[in-house]
Amino acid sequence: SSPYGRIGVLICSEILELSAQSDLASHIELLLIPAWNEDTASFDHVAHSVASALMHCYVCVANNAATASDSRIVAPIKEPR
């Protein structure tokens, strides 16, 4: 825990590892993911799945790919209809 809440960090593709997700699930409020990944579409789907269905926390992906820089924050809420 920090003054800013319960924060976890996974580096890039560690977000795809179920054991890493399991270790953090229910223990954090915010998951930070520094990444270097050109496949931003896949990371978008993973971030939404982790935030809403798997870990129920905010997910912040800070992607620093040279050709596909993309960063996003996903909240653990349902998508509007």
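Quick look at the structure, then. (Residues numbered from 1 in each chain as written. Predicted model: local features only at pLDDT ≥ 70, side-chain atom pairs only at ≥ 80, totals over all residues. Heavy atoms only, no water.)

**Description of the sheet that holds strand 2 (residues 30–35)**
Reading across the sheet, the four strands line up as 1-2-3-4 and stay open at both edges, with mixed pairing between neighbours. Among the strands making up the open sheet, the edge pair consists of strand 1 (7–9) and strand 4 (70–74). On average, adjacent strands in this sheet sit at an angle of 15 degrees to one another, irrespective of strand direction. As defined by bridge partners, strand 3 (residues 58–63) adjoins strand 4 across five bridges and the pair is classed as antiparallel. Bridging from a neighbouring strand, alanine 62 pairs with serine 71 of strand 4. Here helix 2 (residues 40–54) sits on the sheet in contact with strand 2, strand 3 and strand 4, set at roughly 160 degrees to strand 3. (Pairing = 2+ DSSP bridges. Helix = DSSP H or I, 4+ residues; strand = E, 2+ residues; numbered from the N terminus. Axes fitted to C-alpha atoms, helices over the stretch in contact; angles between N-to-C directions. Contact = heavy atoms within 4.5 Å.)

**Topic: the environment of valine 59**
Mapped onto the fold, valine 59 is located in strand 3. Judged by relative accessible area, valine 59 falls into the buried class, the value being 0%. Separated by 45 residues in the primary sequence, valine 59 and glutamate 14 place their C-alpha atoms 13 Å from one another. (Buried < 20%, exposed > 50% of the residue type's maximum accessible area, 1.4 Å probe, protein only.)

**Observations regarding the pairing of strand 2**
Burial along strand 2 is one-sided: Leu31, Ile33 and Ala35 are buried, and none of Leu30, Leu32 and Pro34, which face the opposite way, are. Relative to strand 2, strand 1 runs parallel, the two sharing three bridges. The residue bridging valine 9 from the neighbouring strand is leucine 32, located in strand 2. Following the backbone out of strand 1, through helix 1 (residues 18–24) and into the adjacent parallel strand 2, one traces a crossover that is right-handed. As paired elements, strand 2 and strand 3 share six bridges and run parallel to each other. Looking at strand 3, one finds that leucine 32 is bridged to cysteine 60. Each parallel crossover has a hand, and the one from strand 2 via helix 2 to strand 3 is right-handed. (Right-handed = clockwise from strand over helix to strand, strands pointing away.)

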